[in-house]
Amino acid sequence: MTQIINKAIVMSTRPVGMPKLADFCLQSHNIDSDDLTDGQVLIKNHYLSLDPYMRGRMSLKKSYAEPLQEGEIITGEAVGEVIASKSDKYHIGTFVCSMSGWQTHFVSHQRSSALYPVFNDQIALSAYLGVIGMPGRTAYLGFKHKAKPQPGETIVVSAASGAVGSVVGQLAKQHGLRVIGVTGSAQKCQYVKQQLGFDECLNYQADDFEQALTTTCANGIDIYWEGVGGRTLNAVAPLLNEGARVPICGFISNYNDTSVAAETPFQVLAKLKPTPEHGFFLVSDWLDEYPTATMALAQGVIDGSLKFKESTAHGIANAPQAFIGMLSGKNFGKQIVKLV
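Below is a summary of the structure that appears in this document. Only a predicted model underlies this, so the values are computations on that prediction, with no experimental measurement involved.

1. Things to note about the overall build of the chain
- A tally of helices and strands in the chain yields nine helices and 15 strands.
- A globule of 340 residues ought to have a C-alpha radius of gyration of about 20 Å, and the chain, at 20 Å, matches this closely.
- Taking the principal axes of its C-alpha atoms as reference, the chain extends roughly 65 × 45 × 35 Å.
- A total of 340 residues make up the chain; the buried ones form 53% of that total.
- Considering only intrachain contacts with a sequence separation of at least 6, the fraction spanning at least 24 residues in the chain is 66%.
- Total accessible area computed for the chain in this model is approximately 15000 Å², and 51% of it derives from carbon and sulfur atoms.
- If you average the places of the 28 positive and of the 30 negative side-chain charges in the chain, the two averages end up 3 Å apart.

2. As for helix α4 (residues 186-194)
- If you check which residues of α4 are buried, you get Lys188, Cys189, Tyr191 and Val192. Taken around the axis of α4, the buried residues stretch over an arc of 160 degrees, which confines them to a single face. Away from its buried face, by an angle of more than 90 degrees, α4 presents the exposed residues Ala186, Gln187 and Gln194.
- Tucked into the core, α4 has its buried residues touching β9 (178-183) and β10 (200-203).

3. Things to note about the packing of helix α2 (residues 134-147) against helix α3 (residues 165-174)
- Running from N to C, α2 and α3 cross one another at 40 degrees; their axes reach a closest spacing of 8 Å. With respect to α3, the element α2 is oriented oblique. In the packing of α2 onto α3, the handedness of the crossing is right-handed. Between α2 and α3, the residues in contact are Gly136, Ala139, Tyr140 and Phe143 and Val167, Val168, Leu171 and Ala172, respectively.
- Class assignment for the residues of the contact of α2 with α3 results in seven nonpolar, one polar and no charged.

4. Considerations on the packing of aromatic side chains
- Within this structure, the stated rule accounts for seven aromatic pairs.
- A centroid spacing of 6.3 Å and a plane angle of 80 degrees characterise the contact between phenylalanine 24 and phenylalanine 323, whose relative ring orientation is edge-to-face. Here phenylalanine 323 lies in helix α9 (residues 319-327) and phenylalanine 24 lies in strand β2 (residues 24-32), a separation of 299 residues in the sequence. No difference in accessibility class separates phenylalanine 24 from phenylalanine 323, as the two residues are buried.
- For the pair phenylalanine 119 and tyrosine 128, a centre-to-centre distance of 5.8 Å together with 85 degrees between the ring planes defines the contact as edge-to-face.

5. Notes on the environment of glutamine 321
- Relative to the elements of secondary structure, glutamine 321 occurs in helix α9.
- Here the alpha-carbon distance between glutamine 321 and threonine 232, two residues 89 residues apart in the chain, equals 26 Å.

6. Observations regarding the environment of glycine 250
- Within the secondary structure layout, glycine 250 lies in the loop between β12 (240-248) and α7 (265-270).
- Residues glycine 250 and phenylalanine 281, 31 residues apart in the sequence, show an inter-C-alpha distance of 8.8 Å.

7. Here we look at the nonpolar core
- One finds Ile132, Phe143, Ile155 and Val168 to be the most contacted residues of the largest nonpolar core, which totals 44 residues.
- Among the elements that make up this core, the one with the highest residue count is helix α8 (residues 290-303) (five residues).
- In this structure phenylalanine 143 touches Thr138, Lys148, Pro149, Ile155, Val168, Leu171, Ala172, His175 and Trp225, once residues within four positions along its chain are discounted.

8. So, the pattern of salt bridges
- A complete count under the given rule lists nine salt bridges for this structure.
- With its nearest N and O atoms 3.6 Å apart, the salt bridge here joins glutamate 200 to lysine 193.
- One salt bridge in this structure joins arginine 231 and glutamate 210, with 2.7 Å as the shortest N-O distance. Here glutamate 210 lies in helix α5 (residues 209-216) and arginine 231 lies in helix α6 (residues 230-236), a separation of 21 residues in the sequence.

9. Some details on α9
- Burial analysis of α9 places eight of its nine residues in the buried class, the great majority of the element.
- Among the structural elements, β1 (3-11), β2, α1 (53-57), β14 (310-314) and β15 (334-338) are those in contact with the buried residues of α9.
- Following α9 by one or two positions, glycine 329 adopts a phi angle in the positive range, close to 80 degrees.

10. A look at the side chain of arginine 55
- For arginine 55, the position within the fold is in helix α1.
- No salt bridge is formed by the buried arginine 55, whose closest oppositely charged neighbour, aspartate 23, lies at an N-O distance of 7.1 Å.
- Within the local environment of arginine 55, its side chain forms a polar contact with the backbone oxygen of glycine 17, the two atoms lying 2.8 Å apart.

Conventions adopted
Residues numbered from 1 in each chain as written. Predicted model: local features only at pLDDT ≥ 70, side-chain atom pairs only at ≥ 80, totals over all residues. Heavy atoms only, no water. Helix = DSSP H or I, 4+ residues; strand = E, 2+ residues; numbered from the N terminus. Rg over C-alpha atoms; globule rule 2.2 N^0.38 Å. Buried < 20%, exposed > 50% of the residue type's maximum accessible area, 1.4 Å probe, protein only. Contact = heavy atoms within 4.5 Å. Areas by Shrake-Rupley, 256 points an atom, 1.4 Å probe, with all protein chains shown as cover. Lys, Arg positive; Asp, Glu negative; His and termini not counted. Charge placed at Lys NZ, Arg CZ, Asp CG, Glu CD. Arc of directions from axis to C-beta. Axes fitted to C-alpha atoms, helices over the stretch in contact; angles between N-to-C directions. Parallel < 35°, antiparallel > 145°, perpendicular 65-115°, else oblique. Left-handed = near helix turned anticlockwise from the far one by under 90°. Nonpolar A, V, L, I, M, F, W, Y, C, P; charged D, E, K, R; others polar. Phe/Tyr/Trp six-rings, centres within 6.5 Å; stacked < 30°, edge-to-face > 60°. Core = buried A, V, L, I, M, F, W, Y, C linked by side-chain atoms within 4.5 Å. Salt bridge = Lys/Arg side-chain N within 4 Å of Asp/Glu carboxyl O. Polar contact = N/O pair within 3.5 Å; in protein donor to acceptor, adjacent residues only side chain to side chain.

Purely geometric stuff here, so don't read any function into it on its own.
Have a look at this one:
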């Protein structure tokens, strides 16, 4: 093997509001496997992960990470196969996850902390980007450390059919909580109740959403898993009990809002008296617990106690359209892109 053609999606212009297809560009360049140095591997990606946090990386707003620059490959995790190796750790044929970004091939060094092997062939390869990947670990570790669940409490989970929320709700049921999901369609609500086993699920687009939430949570809300902001947050906030916890892993409704009047969860929650315990977190806050979390999530998938759903786009050229659709709620479950 010598040269292969790598195809990549770059941010051609910085999006303003909802991203447009014109903000992305498909580029190609050659990678020569003979140029690998000691410790390096060449990976052929099979699946790309699309996640809401990527929209934040496209913005110049202050964040936990440096923003993408125009012309850079879109940040993101992928799972694929080592097709050339000068590593004594990763051999040809090994399946791995990496932070390759949106591209078909990727050269990584074996020492990279963002490169790790797929360890169980009983599980679909794509699941390593969702239920047992970064979203699953976000749910598992955030629920454990930030939600601080107690049996009998009521938790409301936003984006309940999504990659993170679906895992949070299932873990909450296993911990003996009363679990109320919030999604954006009747079809998603049905899935969350019937397939994932939530106690109730409400459609935030329904005219009577606020009243339905108040009735459903007549004894208040002890934990609110925040991933969306907007209407759901404003409906939940008055119902939070004293001592409530609000783990914030995102607020997707604000990501494309260019209005200066748009309120963040921090602004909304700060107005409450007493102010509930709340804070933004990153799954990387608990790097040392990744192996434990991943093993627990994998076991749940294997034994059937942890269910998941995926939305699949095909081909790297369709990644931008799938990403835009995800930001507007068109995906159903974890959004991935199948490359091979």
